[in-house]
Amino acid sequence: MNNFYLGIKFALSYFTVLPIRFREGDDLSHPHVLSSMLYALPFVGILLAGVSIGIFEALAPLGWLAAILASVLYMALYGFIHTEAIIDVADALYAAHSGKDPYAVIKEPTVGAMGVLYGVSFLLLKIAALSTLLMHHLFLPFIAIAAISRLALIVVIRVVEFRSSFVSQLKASLSPIPLIVMVSLYGALGLFTLSWPFAGLLLLGVVIAVTTATLTRKSLGFLNGDGLGMALELVELILILVVVRLWV
């Protein structure tokens, strides 16, 4: 039980900007802690989406400005950690095309012009799409998408090979049966709250994430945590666009 609790805390500390503290004796490398961390990822998405929706509702009289503020806050709450990955992957892809070592480029603390352009372009699209979702009060789809994007990452970690010691540790901590049970539980919860559209969004999200990770690995010759972050962001953007197109 303690490892399960530590895993939830680890997920909150690693994937959000919330102030989470640990004791010196806490072993965060334990396989059960790492697996619990992964299983808590969809919950993290639900939490962040819920906070953003609450901010939007509190500032609703501001109209579109409230939607923009809530959209930016959603990404700020996870420290833009996934958004920043788009910049790194874009730089690495262009480095690979020019004959440079993409792994060395993706590890550099600086960013290139192409990475900035792709990052800014994506940021504008994400804010515009999410703001539209909020302005039409599609709150349940937003919560579902925030959970699905992170649930899809767990599937990617399980089925794709990585060049990252930390992600490899996460992969080793995942057992097939608990993973199936966890996906089924989140799926049942989604179907109960959002009916059949959740199943379609979940399937589409997993396909997008696995496809993105596979193509990135093929293009770069490796896949690391930045590839996961980019996959999450693309899943969220595409699913938001799908929901807006079908529901608005």
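Here, every reference points to the structure presented above.
Small disclaimer: the values here were computed from a predicted structure and weren't measured.

A. Inspection of the packing of aromatic side chains at higher detail. Overall, the coordinates contain 10 aromatic pairs when judged by the stated rule. Plain terms: the ring middles of Tyr 94 and Tyr 118 are 5.9 Å apart, the flat faces sit at 50° to each other, and that makes the pair tilted. Residue Tyr 94 is found in helix H5 (residues 81-97), and its partner Tyr 118 is found in helix H7 (residues 113-135); the two are separated by 24 residues along the sequence. Take Tyr 118: its relative accessible area is 40%, and that puts it in the partly exposed class. Taken together, a centroid distance of 5.0 Å and an interplanar angle of 85° make the contact between Tyr 103 and Phe 222 edge-to-face. Linking Tyr 103 in helix H6 (residues 102-106) with Phe 222 in the loop between helix H11 (197-220) and helix H12 (225-247), this pair joins segments that are 119 residues apart in sequence. Classification of Phe 222 as buried rests on a relative accessible area of 4%. Ring pairing ties together the aromatic residues Phe 10, Tyr 14, Phe 15, Phe 22 and Phe 166, which thus form one cluster. The residue whose ring lies beneath Arg 163 is Tyr 103, and the NZ or CZ to ring-centre distance is 3.8 Å. Looking at Arg 163, its charged tip hangs above the ring of Phe 222, at a distance of 5.8 Å from the centre.

B. How the structure looks around the packing of helix H8 (residues 139-159) against H11. Close contact between H8 and H11 brings their axes to 8 Å; oriented N to C, the two are set at 45°. By the criterion of interaxial angle, the relationship of H8 to H11 is oblique. As for the relative orientation of H8 and H11, their crossing is right-handed in sense. Mapping the contact onto sequence places Ala 144, Ile 148, Leu 151, Ala 152, Val 155, Val 156 and Val 159 in H8 and Phe 198, Leu 201, Leu 202, Gly 205, Val 206, Ala 209, Val 210 and Ala 213 in H11.

C. Region of the structure containing the layout of surface pockets. Roughly 400 Å³ of internal volume is contained in the largest pocket. Residue contributions to the lining of the largest pocket peak at five residues, all from H12. Across the lining of the largest pocket, the residue classes break down as 14 nonpolar, five polar and five charged.

D. The arrangement of the environment of Ser 29 in detail. Topologically, Ser 29 is positioned in the loop between helix H1 (2-15) and helix H2 (31-39). The spacing of Ser 29 and Pro 176 is 147 residues in sequence and 20 Å in space, taken between C-alpha atoms. Not counting residues up to four positions away in its chain, the partners in contact with Ser 29 are Leu 34 and Gln 169. One polar contact links Ser 29 to Asp 27, side chain to side chain, over a distance of 2.7 Å.

E. Geometry of H1. With 14 residues, H1 should reach 20 Å at 1.5 Å per residue; the first-to-last C-alpha distance of 20 Å fits that figure. Every buried residue of H1 is listed here: Leu 6, Gly 7, Lys 9, Phe 10, Ala 11, Leu 12 and Phe 15. On its buried face, H1 sits against H2, helix H3 (41-58), helix H4 (64-77), H5 and helix H9 (165-173).

F. Up close: H4. Here H4 spans 20 Å end to end across 14 residues, near enough to the 20 Å set by a 1.5 Å rise per residue. Residues of H4 that are buried: Ala 66, Ala 67, Ala 70, Ser 71, Tyr 74, Met 75 and Leu 77. Looking down the long axis of H4, one finds its buried residues gathered within 165° of arc, a one-sided arrangement. At the exit of H4 stands Gly 79, carrying a positive phi of roughly 65°.

G. Focus on the pattern of salt bridges. Inspection of the entire model under this criterion finds four salt bridges. A salt bridge links Glu 236 to Lys 126, with the nearest nitrogen and oxygen atoms 2.9 Å apart. Residue Glu 236 is located in helix H12, and its partner Lys 126 is located in helix H7; the two are separated by 110 residues in the primary sequence. Lys 126 matches Glu 236 in its accessibility class, with the two residues each being buried. Shared partners join several salt bridges into a network, and the residues in it are Lys 126, Arg 150, Glu 233 and Glu 236.

Each value, and the rule that gives it
Residues numbered from 1 in each chain as written. Predicted model: local features only at pLDDT ≥ 70, side-chain atom pairs only at ≥ 80, totals over all residues. Heavy atoms only, no water. Phe/Tyr/Trp six-rings, centres within 6.5 Å; stacked < 30°, edge-to-face > 60°. Helix = DSSP H or I, 4+ residues; strand = E, 2+ residues; numbered from the N terminus. Buried < 20%, exposed > 50% of the residue type's maximum accessible area, 1.4 Å probe, protein only. Lys NZ or Arg CZ within 6 Å of the ring centre and 35° of its normal. Axes fitted to C-alpha atoms, helices over the stretch in contact; angles between N-to-C directions. Parallel < 35°, antiparallel > 145°, perpendicular 65-115°, else oblique. Left-handed = near helix turned anticlockwise from the far one by under 90°. Contact = heavy atoms within 4.5 Å. 1 Å grid on protein atoms, 1.4 Å probe; cavity = no way out; pocket = protein on both sides within 12 Å on 5 of 7 lines; lining within 4 Å. Points joined across faces, edges and corners; volume = space filled by probe spheres on them. Nonpolar A, V, L, I, M, F, W, Y, C, P; charged D, E, K, R; others polar. Polar contact = N/O pair within 3.5 Å; in protein donor to acceptor, adjacent residues only side chain to side chain. Expected span 1.5 Å × (residues − 1). Arc of directions from axis to C-beta. Salt bridge = Lys/Arg side-chain N within 4 Å of Asp/Glu carboxyl O.

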